[in-house]
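Observations on the three-dimensional arrangement
Each chain, letter by letter, is given below.
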Amino acid sequence: ISLDVLRGGSSAGVLAHLNVVRPATLMLVALSVFLSAFVCSSLLFEAQRVIPAANCQPFLALQPIFAAIWSFLLLDEPVPVASLFGGSLMIGGALLAATDRSIGKDRSTDS
């Protein structure tokens, strides 16, 4: 227990209100964290065994998008239009970086 909780600070107020959150909601939040962090990282590590790291590394930047997708699907969180636009740009950038044919090519022979 932190010193802030013992003194009755803001953390104590948050802990006092945790009993208001249903256990099912806490489990969905934990599942969302698990799916967006653990599963995404596991897939990334497996992809790095198959293709060059420079081609699959841009997909690590998509982890926040996976978190938003799981939050939308499991917790009914709203997704603003600006987030959809930004997520689309991130996906496009990751695809562009992952399919760059010049990665690993010897640049001295390009003349």
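Residues numbered from 1 in each chain as written. Predicted model: local features only at pLDDT ≥ 70, side-chain atom pairs only at ≥ 80, totals over all residues. Heavy atoms only, no water.

Applying the stated criterion across every chain yields a total of one salt bridge. In this structure, Glu46 engages Arg49 in a salt bridge whose closest nitrogen and oxygen atoms are separated by 3.2 Å. In this pair, Glu46 and Arg49 are both assigned in helix H3 (residues 23-50), three residues apart and thus about one turn of the helix distant. (Salt bridge = Lys/Arg side-chain N within 4 Å of Asp/Glu carboxyl O. Helix = DSSP H or I, 4+ residues; strand = E, 2+ residues; numbered from the N terminus.)

This part is about helix H6 (residues 81-98). Spanning 18 residues, H6 covers 26 Å between terminal C-alpha atoms, matching the ideal 26 Å at 1.5 Å per step. Buried within H6 are the following residues: Gly87, Ala94 and Ala98. Taken down its axis, H6 places every buried residue within 25° of arc, on the same side. Every exposed residue of H6 that faces more than 90 degrees away from the buried side is listed here: Val81, Ala82, Phe85, Leu89 and Leu96. Against helix H4 (53-56) and helix H5 (63-75) lie the buried residues of H6. (Expected span 1.5 Å × (residues − 1). Buried < 20%, exposed > 50% of the residue type's maximum accessible area, 1.4 Å probe, protein only. Arc of directions from axis to C-beta. Contact = heavy atoms within 4.5 Å.)

Confidence in the prediction of the chain, expressed as mean pLDDT, is 74, and 72% of residues score 70 or more. Taking the mean pLDDT of every element in the chain, the minimum, 59, falls on helix H1 (residues 3-6) and the maximum, 87, on H6. (pLDDT = per-residue confidence, 0-100.)

Put simply, the largest pocket is a space of about 210 Å³. Taken together, Ile65, Ala68, Ile69, Phe72, Val79, Ser83, Leu84, Gly87, Ser88 and Ile91 make up the full set of residues lining the largest pocket. Top element by residues in the lining of the largest pocket is H6. It accounts for five residues. (1 Å grid on protein atoms, 1.4 Å probe; cavity = no way out; pocket = protein on both sides within 12 Å on 5 of 7 lines; lining within 4 Å. Points joined across faces, edges and corners; volume = space filled by probe spheres on them.)

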